[in-house]
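Here's the letter readout for the chains.
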Amino acid sequence: MRPISSVMTSSISITVITVIMSIMSIMSMMSINFATPAIAETHLITQEGFSFVPSSLTVAPGDTIIWQRTNGSHTVTSGTACTPGAYDGFTINSGLNSVTPTVEVELPSDLAEGTLGYFCNIASHCESLGMQASLTIVAPEPCVGDINDDGLVNGADLGLMLGAWGTCGKGPCVADLNSDGIVNGADLGLLLGGWGSCP
């Protein structure tokens, strides 16, 4: 004869799986679109006279920035107060002229949050004419429930959670979304609440 606690645990596990299957069935009947992962954005900055337009822009690590020349000879040089320098180990120093009328840079995916200043390093374009601007680096919000880090909260993550169901052992317990040491219904609720494409 099986102990009562074993029967209850089996019953609870079957109930959880039944609830999950029901939710997934309802979601598929509702024709919910499971979107593709969030994709890095591309931003355009135009050189107009002795200005970069827009002069400040909020971007995310991994985004691509394109500077477009309209006239004259300029540079896109990282730094602050008209002094070249690196931001979080990352530098930009490219000509923006008739030979290279566009500068395209992909920001590193691990770039720290903060302000990346840049300017034109030709003659007195920065010092006298104020040709400088900035990028505000803001990391995207964490994607609760994206256990496999693919940019989606979906069936793959649900499968990983179900595989880790119960008390966490030693080592990382990535399916324990609320960090209480147990992968359970509370974590399942968080996963289902984040279902779909990550922000």
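Placed above this text is the structure.
Residues numbered from 1 in each chain as written. Predicted model: local features only at pLDDT ≥ 70, side-chain atom pairs only at ≥ 80, totals over all residues. Heavy atoms only, no water.

Explain the packing of aromatic side chains to me, and be specific about the residues and the numbers.
Scanning all chains against the criterion turns up two aromatic pairs. For the pair Trp 67 and Tyr 118, a centre-to-centre distance of 5.2 Å together with 75° between the ring planes defines the contact as edge-to-face. In this pair, Trp 67 is assigned in strand E4 (residues 64–68) and Tyr 118 in strand E9 (residues 114–119), connecting sequence segments 51 residues apart. Of the two residues, Trp 67 and Tyr 118, neither departs from the other in class, the shared state being buried. (Phe/Tyr/Trp six-rings, centres within 6.5 Å; stacked < 30°, edge-to-face > 60°. Helix = DSSP H or I, 4+ residues; strand = E, 2+ residues; numbered from the N terminus. Buried < 20%, exposed > 50% of the residue type's maximum accessible area, 1.4 Å probe, protein only.)

Tell me about the sheet that holds E4, residues and numbers included.
Overall, mixed pairing links the four strands, which are arranged E2-E1-E4-E8 in an open sheet. The open sheet has two edge strands, strand E2 (51–53) and strand E8 (102–106), and neither has a second partner. Looking at each pair of strands side by side, their axes are set apart by 20° on average, direction ignored. Bridge count between strand E1 (residues 42–48) and E2: three bridges; the pairing is antiparallel. Across the sheet, the residue bridging to Glu 48 is Ser 51, located in E2. (Pairing = 2+ DSSP bridges. Axes fitted to C-alpha atoms, helices over the stretch in contact; angles between N-to-C directions.)

I'd love a proper account of the side chain of Asn 97, names of residues and values included.
Along the polypeptide, Asn 97 turns up in the loop between strand E7 (93–96) and E8. In terms of polar contacts, Asn 97 uses its side chain to reach the backbone amide nitrogen of Val 99, at 3.0 Å. Of the polar contacts made by the side chain of Asn 97, one reaches the backbone nitrogen of Thr 100; its length is 2.9 Å. Those residues in contact with Asn 97 that sit more than four places away from it in its chain are Arg 69, Gly 72 and Ser 73. (Polar contact = N/O pair within 3.5 Å; in protein donor to acceptor, adjacent residues only side chain to side chain. Contact = heavy atoms within 4.5 Å.)

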